[in-house]
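The residues making up each chain are set out below.
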Amino acid sequence: MLLFFINTLFSFEDDNSFITKYEYGAMLYNNPRGIGCNKCHGNGKKSVTIAKYRDKKGALKTIVAPPINKVKFEDFKSKLKSDKTESLIMPTYFLTDEELTSLYYYITKVK
Ligand code: HEC
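Note that the structure is predicted; figures quoted are calculated from it, not measured.

**Q** Sorry, what's going on with the overall build of the protein chain here?
**A** Counting secondary structure elements, the protein chain contains 5 helices and 2 strands. The helix and strand sequence of the protein chain, counted from the amino end, reads α-α-α-β-β-α-α. Residues classed as buried in the protein chain amount to 32% of the 111 residues present. For the protein chain, restricting intrachain contacts to residue pairs at least 6 apart in sequence, the fraction spanning at least 24 positions comes to 50%. Summed over all atoms, the accessible surface of the protein chain reaches about 7,500 Å², with 57% contributed by carbon and sulfur.

In structure tokens, the structure reads:
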């Protein structure tokens, strides 16, 4: 597994590593061993409407992916580790703590 390989080869203590924590986070964001976060959250800075539909009573419903650049780390982590989300839309991921840390670093610093 490429990510595992990269993970064990480089440390992310500082940004002088071969690939920076930011770049690694960006890579995970777009390709997190599953559907990319970007597919629903865009760049993560604003809410994205994923779908609009009418329920049985004909009321218009929307499914929205919220902005994620200001979420607290604990909330982020519990979200990414939970196996079912309240919307049943966001998929389940199996990312290591180190991957989550890099991903979070990227999300909160995305330009
Ligand atoms: C298929 C669409 C989809 C994908 C792909 C997706 N999300 Fe989400 N995400 C959602 C939706 C919808 C919500 C809001 C409802 C919920 O919490 O399930 C959400 C909620 C969140 C939240 C909680 C935000 C808050 O304010 O509490 C975080 C954090 C998050 N996503 C991060 C991610 C990350 C990181 C990835 C990639 C590893 C990702 N999401 C991939 C649709 C998606």
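Let's pick the thread back up.
**Q** Mind showing me how you'd approach the site of the ligand here?
**A** In the region of the ligand, 22 residues are neighbours, and Cys37, Cys40, His41, Lys79 and Met90 sit closest. Side-chain polar atom of Lys79 to an oxygen atom of the ligand: 2.2 Å apart, as the coordinates give it. Given that more than half its atoms are within 2 Å of the pocket grid, the ligand belongs to the largest pocket. Breaking the shell around the ligand down by element, the ones donating at least two residues are helix 3 (37-41), helix 4 (73-81) and helix 5 (97-109). Within the shell around the ligand, the residues separate by chemical class into 16 nonpolar, 4 polar and 2 charged.

**Q** Can you help me understand the coordination of the iron atom of the ligand in this one?
**A** Note on metal geometry: ideal angles are 109.5 degrees for four donors arranged tetrahedrally and 90 or 180 degrees for six donors arranged octahedrally. On the protein side, the iron atom of the ligand has His41 (NE2) and Met90 (SD) as donor atoms, found 2.0 to 2.2 Å from it. Between the 6 donor atoms coordinating the iron atom of the ligand, the angles at the centre fall across 83 to 179°, so the site counts as octahedral. Placement of His41 in helix 3 and of Met90 in the loop between helix 4 and helix 5 is noted, with a sequence separation of 49 residues between them. For His41, a relative accessible area of 10% corresponds to the buried category.

**Q** What is the right way to look at the packing of helix 2 (residues 21-30) against helix 5 in this model?
**A** When two helices pack together, you describe them by how their axes are tilted relative to each other and by the distance separating the axes. For the pair helix 2 and helix 5, the least separation of the axes is 7 Å and the interaxial angle reads 95°. Taken together, helix 2 and helix 5 sit at an angle that is classed as roughly perpendicular. Along its contact with helix 2, which presents Lys21, Tyr22, Tyr24, Gly25, Ala26, Leu28 and Tyr29, the element helix 5 presents Glu99, Thr101, Ser102, Leu103, Tyr105, Tyr106, Ile107 and Lys109. A breakdown of the residues in the contact of helix 2 with helix 5 according to their chemical character gives 9 nonpolar, 3 polar and 3 charged.

Calculation notes
Residues numbered from 1 in each chain as written. Predicted model: local features only at pLDDT ≥ 70, side-chain atom pairs only at ≥ 80, totals over all residues. Heavy atoms only, no water. Helix = DSSP H or I, 4+ residues; strand = E, 2+ residues; numbered from the N terminus. Buried < 20%, exposed > 50% of the residue type's maximum accessible area, 1.4 Å probe, protein only. Contact = heavy atoms within 4.5 Å. Areas by Shrake-Rupley, 256 points an atom, 1.4 Å probe, with all protein chains shown as cover. Near = heavy atom within 4 Å. Polar contact = N/O pair within 3.5 Å; in protein donor to acceptor, adjacent residues only side chain to side chain. 1 Å grid on protein atoms, 1.4 Å probe; cavity = no way out; pocket = protein on both sides within 12 Å on 5 of 7 lines; lining within 4 Å. Sits in = over half its atoms within 2 Å of the grid points. Nonpolar A, V, L, I, M, F, W, Y, C, P; charged D, E, K, R; others polar. Donors = N, O, S within 2.8 Å, 3.2 Å for Na, K, Ca; no water. Tetrahedral: all angles 85-135°; square planar, octahedral: opposite > 155°, others 65-115°. Axes fitted to C-alpha atoms, helices over the stretch in contact; angles between N-to-C directions. Parallel < 35°, antiparallel > 145°, perpendicular 65-115°, else oblique.

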